[in-house]
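Below are the chains, spelled out letter by letter.
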Amino acid sequence: MIAILIAGNLQAYVHQREIMIHPDGWFGGQYAHSQALLAQFAADPPQRENLQSRSSDLFLDDQAHFLENVELSYLHLTGATQSHSPSQP
Amino acid sequence: MQSHFGAAASSTAKQWSLSSTILQNRPFFAQIFDPQINDWGAYQARELSYVFDLIDARVFAALLDHHVLVFVPLSGVLGLSALSAVYFWGARRVLALNGVALCDRQGFYYLISATFVVLILWLIAKVRGQSAERCYFRVIFVNAAAIGATIFYNRIFAPWLIYALNGYWPNFSYQQLPWSKLLDPALPAKTWHLFQQQVSFFFGNAPFLVLASIIVVAAIGIAWKWRRAINRNHLTLLAVSVVSIIAIIGLLATMIAPSGRLFYPRSFVLVLHVDGARCDSLWSQRVAQFSQSARPLASQPAHLCHDRNSDCG
């Protein structure tokens, strides 16, 4: 019985996924956002070495820099990089 | 991605510098008891879920640091595994309703519904003079205590902690549901439609009409076959089942009523906790919130101030 239910849900998976990722759908915006992040990660993944050697930690906080921002935040959190004083360039 | 420190940060570079110092070593509880950042100001007394969000975001960041990009949160994986374990081991053994009220407002509803069901069982046992009456009474007492503790946490303790740790009182507007929205004439039809979708989903996407027909025919067949063996216990079980179904429909109605709209019922079933008004990635927002909390304010959103040396107020 459980196998039948699982099979039924698997069969409807594609249909449900299309509903959810449709541009006008519930997750349309999220899907587009995730795809953009995937493309960003494939083209220019955040590099710890580059961020650690940066002279400034000021950056643009938009979608195009989202992964880079997360990486930089993680480096701050783990103490892998030092924050710069706001008074210094 | 707006920070609640934005107003102060954008006023003067001096204030920015001061806030930066505060955020560099932000305590764990100050991060958790901060609905202004964690839920865009919509206080829901679900700080326990923020703990999971924080863990998820840090795991996401740690994986990213190792050049791995995963969008599935750790709590989702563990939660699904735990749900499967509960299903296979039996909810009766391991289900504890008292904790869910701290994860979301739906949990509080489940807690009240379960208490109401046990209350009915207790009243039936009392009328029939059964020995199980004391057992039911203990469960009701524990659940009532949990409800009281949850109300105390929501209205008094958590707001006080938020004020003590972050200096502001939470906004309760998200928890208010005007009666006028519950009296919307279109609400019953939307709720029933959603209920059908939910039942269908949990039964392998079988059409609701087919499912309902099977259940009704099977119930009539069983009742006819065992008609002489039917006793009060069976009728009690039937009554509890009906009350449980009504409780679920009531929950769906209260979830639809605030927006008044039901865009995609099937999607709504799958993601009951997501607010459709927010089109951006909820998961990405969570990570961004973590980022805002963890990083120094010197690297806060550029739309607040593009140049740290300028006064962008």
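Provided above is the structure to which this section pertains.
The structure displayed is predicted, hence computed values, not measured ones.

Draft legend 1. Examining the overall build of chain B more closely. If you tally the helices and strands in chain B, you get 15 helices and 0 strands. Going through the 313 residues of chain B one by one, you find that 23% of them count as buried. In chain B, the share of contacts with a sequence separation of at least 24, taken over all contacts with a separation of at least 6, comes to 66%.

Draft legend 2. Examining the packing of helix α5 (residues 66-78) of chain A against helix α5 (residues 47-65) of chain B more closely. Where α5 of chain A contacts α5 of chain B, the two axes come as close as 9 Å, and the packing angle between them is 100 degrees. Of the possible angle classes, the one that applies to α5 of chain A and α5 of chain B is roughly perpendicular. Together, Leu67, Val70, Glu71, Ser73 and Tyr74 of chain A of α5 of chain A and Ala61, Ala62, Leu64 and Asp65 of chain B of α5 of chain B make up the contact between the two elements. Among the residues forming the contact of α5 of chain A with α5 of chain B, the class breakdown is 6 nonpolar, 1 polar and 2 charged.

Draft legend 3. Layout of the nonpolar core. Grouped together as the largest cluster of nonpolar side chains are 19 residues, with contacts concentrated most on Val70 of chain A together with Ala61 and Leu64 of chain B. When contributions to this core are tallied by element, the ones reaching two or more residues are α5 of chain A together with α5 and α9 (133-166) of chain B.

Draft legend 4. Here's a closer look at the environment of Val117 of chain B. All names here are of chain B. Positionally, Val117 belongs in helix α8 (residues 105-128). What makes Val117 partly exposed here is the crowd of 18 C-beta atoms within 10 Å. Sequence separation between Val117 and Ala247 is 130 residues, and the spatial gap between their C-alpha atoms is 9.5 Å. The contact partners of Val117, leaving out residues within four places of it in the chain, are Val240, Val243 and Ser244.

Rules used in this analysis
Residues numbered from 1 in each chain as written. Chains lettered and ligands numbered in written order. Predicted model: local features only at pLDDT ≥ 70, side-chain atom pairs only at ≥ 80, totals over all residues. Helix = DSSP H or I, 4+ residues; strand = E, 2+ residues; numbered from the N terminus. Buried ≥ 20, exposed ≤ 12 C-beta atoms within 10 Å, placed from the backbone. Contact = placed C-beta atoms within 7 Å. Axes fitted to C-alpha atoms, helices over the stretch in contact; angles between N-to-C directions. Parallel < 35°, antiparallel > 145°, perpendicular 65-115°, else oblique. Nonpolar A, V, L, I, M, F, W, Y, C, P; charged D, E, K, R; others polar. Core = buried A, V, L, I, M, F, W, Y, C linked by C-beta atoms within 7 Å.

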